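Coordinate inspection notes
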Amino acid sequence: MIDFVQLQEIVKGHLEQDRAIRSVDASGPTLEAAVNEAAALLDTSIRRLEYEILERGSPGFIGAGKKDWVIRAYERTLAKKKKLAEELLLDEENESEQAIPDKDGDAFVQCWPSGVFLKVTPPVGNGRKIFSAYALQALHNKNIEEFDNDTVEKLIENAESMYVKVADFKHNPSHDSMASIEVDDAEMKVTVTVIPPSEGGADLTLEAYKSLLTQNRVYHGIKEEFLVEFADRPIFREKIEIAEGLKPQNGRDAYIHYNFETDQTKIKLKEGTNGRVNFKELNIIQNVVQNQPLAKRMPPEDGIDGKTVTGKILPARAGSDIPLPVGTNVHVGDDGDTILSDINGQVIVAGGKINVEPVLTVEGDVNLKTGNIIFLGTVIITGNVEDGFSVKAAGNIEVKGTVSKAELDAEGDIIIYQGINGKGDGKLRAGRSIWSRFIENANVEAGNMVVVTDGIINSQVDAIKSIICMGKRANIMGGRLRAGEEINAKVLGNSTSGTETICEVGFDPNSKVELERLMEIKTNSEEELENLRLDLQTLINTKKQRKTLPEEKEAYLQELMERRQILTDELKNAVEGIQKVQEFMSQIQVRGKVSASTKVWPGVKIWIRDVKEDVRTEYRAVTFILENGLIRVSKYEEPDELAKKGLDGYSSN
């Protein structure tokens, strides 16, 4: 047998063999903290350290018995440069791995009646194997100085996590360690209090702890892993929890999962590509379409019964069901749990129920407070639409105030109670008709009629059917107006020169716009092709004379040839498009007329189909019509009765 002092000398001799090793002692509340301190003191990385544990730390219990870890760390300064480079590379590649907790090997000594037993556990992950000195220190702490050295060395080498006898033990049963088990009144918590053995006393085994639990009728909720660790290194004279009952988990109540935002006060801002927030796009309105799922009831769940440490069942409550919050314009799907929309509109929660409103009412103005509006129904605005904002609706748009330099787009009608002052950039488009008190400096397009009571000034107005301007101040002054069937006003033009008024009827305005667009493409393509032809001819002639061209000019030649092909295709498509539009317009059987109930001022230009007439004299109460290829003047004709009647709730008189 080799005693502890002799073995210490052997280990010390091994350590002194490497003269290149520098060492430092370091401490910390955790092993990791101690290693970090050692690395700082040695001015090296953790990966280049080797260390041995001099004193194991302990967190104590509620601050009591706390003990720091103490290590002795070494740095190999004569390592080969190649190996050092490899370690530094690993430091960079595996930097993220430093955060993964690793576990070092450990050594445990237990004194039992049959002898002294040693258990050595292997490291986990990147943890370190224990030094011989650490196992010797564990034996020394138990006052074991004589032991089987070969067995100890073998255990350290193999680290098989098994207790093996390494020495004899003179047992004094009266000094054995003792433990008491305490079960709380609710049988949900079990604690153990351990009294350490005195000289010659034996430690408690894992089986002894389990036997104590069985004697106290503790069968469930035992913390098995913790109990194993506790048996290896018990905490003395403190109540330590080793078992816990399972509390019952009541079932979750049924709830409604909403597919839309139920909190109407929340605002979601859109950030543009430039990183700036567009405060006009507030996304307050939540549009839905017919049969869109709005919400679903998630069914209640059964609870999970609990169990005390003694095995008593603690019943859990099952979740409660709830009714579906079905409001107006919604219905329940075939599954009995999903709420779907009956119509297109705005979904809201009112009175705890889900409703879909076909009409959105904006109280006040459309401005930064409301943002731009997009709605799958009718929008009613009680105030104005301010500059720079847009309103788009799948139904009608009704504005009680005025519309400034804004954009309105409706699949149905647009009704403006006060009027439109577009400031040269306002745009309105209606799938059906537009009704307004006045239109000034705006661009207006209607799928049916445009009806105005107080005049149209310097605006571009297109209507598939008619433009009607009726009222005490129903004048059309300046701008370009195009209608399929009729333009009718009290006064056309004005007494002063400089403001051109153009009235065009007898064709589809959309087709006329398309024809103008195609004609512009045709003209531009022809002009560019002519210029391109001259450049190409110059380069081709140069190439013929010199047999070759410089690289940059050859590339330019290829670029011109590709552009010529593109322009040729564009010109061909434009010519074909022009032909189709002209054929369509020639088939339209629309009479077309322009009327003024009071006066037509000289300077007004009138187009009926493809015939133009410049008004040179003043006319009163007349209608211009097309007969035998000429524009003729006839007696004034009243407008369509539908236009005079006006929309429901809005009169043109």
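A brief look at the structure comes next. (Residues numbered from 1 in each chain as written. Predicted model: local features only at pLDDT ≥ 70, side-chain atom pairs only at ≥ 80, totals over all residues. Heavy atoms only, no water.)

1. Here's the deal with the nonpolar core
By size, the foremost hydrophobic cluster in this structure holds 54 residues, and its most contacted members are Leu408 and Val450. By residue number, the principal contributor to this core is strand 33 (residues 439–446), which donates four residues. Residues within four places of Leu408 in sequence aside, it is in contact with Val385, Val391, Ile397, Val399, Val403, Ile414, Ile416, Lys427, Leu428 and Arg429. Listed in part, the 35 residues of the second largest apolar core include Val24, Ala26, Val120 and Ala159. (Core = buried A, V, L, I, M, F, W, Y, C linked by side-chain atoms within 4.5 Å. Buried < 20%, exposed > 50% of the residue type's maximum accessible area, 1.4 Å probe, protein only. Helix = DSSP H or I, 4+ residues; strand = E, 2+ residues; numbered from the N terminus. Contact = heavy atoms within 4.5 Å.)

2. A short note on the packing of helix 6 (residues 206–215) against helix 7 (residues 224–232)
For the pair helix 6 and helix 7, the least separation of the axes is 9 Å and the interaxial angle reads 130 degrees. When the axes of helix 6 and helix 7 are compared, the pair comes out oblique. Crossing hand, helix 6 versus helix 7: right-handed. Contacts between helix 6 and helix 7 pair Leu206, Tyr209, Lys210 and Leu213 from the former with Glu224, Leu227, Val228, Phe230 and Ala231 from the latter. Residue composition of the contact of helix 6 with helix 7, by class: seven nonpolar, no polar and two charged. (Axes fitted to C-alpha atoms, helices over the stretch in contact; angles between N-to-C directions. Parallel < 35°, antiparallel > 145°, perpendicular 65-115°, else oblique. Left-handed = near helix turned anticlockwise from the far one by under 90°. Nonpolar A, V, L, I, M, F, W, Y, C, P; charged D, E, K, R; others polar.)

3. Overview of the sheet that holds strand 6 (residues 115–121)
Taken in spatial order, the three strands line up as 5-6-8 in an open sheet, and their pairing is antiparallel. The open sheet has two edge strands, strand 5 (106–112) and strand 8 (164–167), and neither has a second partner. Averaged over all pairs of adjacent strands, the angle between strand axes in this sheet comes to 35 degrees, irrespective of strand direction. Bridge analysis of strand 6 against strand 8 gives three bridges, and the strand direction is antiparallel. Within the sheet, the bridge partner assigned to Phe117 lies in strand 8 and is Lys165. (Pairing = 2+ DSSP bridges.)

4. What to know about a negative patch on the surface
On the surface, Asp148, Asp150, Glu153 and Glu157 cluster together into a patch of negative charge. Along the chain, Glu153 falls in helix 5 (residues 149–158). (Patch = residues over 30% accessible without salt bridge, like charges linked within 9 Å, V, L, I, M, F, W, Y side chains within 5 Å. Areas by Shrake-Rupley, 256 points an atom, 1.4 Å probe, with all protein chains shown as cover. Salt bridge = Lys/Arg side-chain N within 4 Å of Asp/Glu carboxyl O. Lys, Arg positive; Asp, Glu negative; His and termini not counted. Charge placed at Lys NZ, Arg CZ, Asp CG, Glu CD.)

5. Points about helix 2 (residues 31–42)
It helps to recall that an α-helix has 3.6 residues per turn; residues three or four apart then point in one direction. Across its 12 residues, helix 2 extends 17 Å between first and last C-alpha, which sits within 8% of the 16 Å expected from 1.5 Å per residue. Positive backbone phi, approximately 55 degrees, marks Asp43, located one or two places after helix 2. (Expected span 1.5 Å × (residues − 1).)

6. With respect to helix 7
Those residues of helix 7 that sit buried are Leu227, Phe230, Ala231 and Asp232. Lining the buried residues of helix 7 we find strand 5, strand 6, strand 10 (189–195), helix 6 and strand 11 (240–244).

7. Here's the deal with the pairing of strand 31 (residues 419–430)
For strand 28 (residues 402–403) and strand 31, the ladder comprises two bridges, and the chain directions are parallel. Within the sheet, the bridge partner assigned to Val403 lies in strand 31 and is Ile420. Of the strand pairs in this sheet, strand 29 (residues 407–410) and strand 31 are connected by four bridges, and their pairing is parallel. Bridging across to strand 31, Asp409 finds its partner in Arg429. When strand 31 meets strand 33, the two strands line up parallel, connected through seven bridges. The partner of Asn421 across the bridge, within strand 33, is Glu440.

8. Structural notes on the side chain of Ser525
Within the secondary structure, Ser525 is located in helix 8 (residues 509–546). The residues touching Ser525, leaving out its near neighbours within four places in the chain, are Leu567, Glu570 and Leu571.

9. Some points on the packing of aromatic side chains
According to the stated counting rule, one finds six aromatic pairs in the structure shown. On the basis of an interplanar angle of 85 degrees and a centroid distance of 5.6 Å, the ring pair of Tyr619 and Phe624 is categorised as edge-to-face. Judged by relative accessible area, Phe624 falls into the buried class, the value being 2%. Linked through ring pairs, Trp112, Phe117 and Tyr163 together constitute an aromatic cluster. (Phe/Tyr/Trp six-rings, centres within 6.5 Å; stacked < 30°, edge-to-face > 60°.)

10. Comments concerning the pattern of salt bridges
The full count for this structure, using the stated rule, is 34 salt bridges. Linking Lys119 and Asp232 is a salt bridge whose minimum nitrogen-to-oxygen distance equals 2.8 Å. Of the two residues, Lys119 is situated in strand 6 and Asp232 in helix 7; the sequence distance between them amounts to 113 residues. Asp232 matches Lys119 in its accessibility class, with the two residues each being buried. The partner of Lys223 in a salt bridge is Glu241, with the nearest N and O atoms 2.9 Å apart.

11. A closer look at unusual backbone geometry
Positioned with a positive phi, Asn291 is a non-glycine residue whose angle comes to about 70 degrees. In this fold, Asn291 is placed in the loop between strand 15 (287–288) and strand 16 (293–298). A relative accessible area of 45% means that Asn291 is categorised as partly exposed. The backbone of Lys547 sits at a positive phi, close to 70 degrees, despite the residue not being glycine. Within the secondary structure, Lys547 sits in the loop between helix 8 and helix 9 (551–587). Take Lys547: its relative accessible area is 71%, and that puts it in the exposed class.

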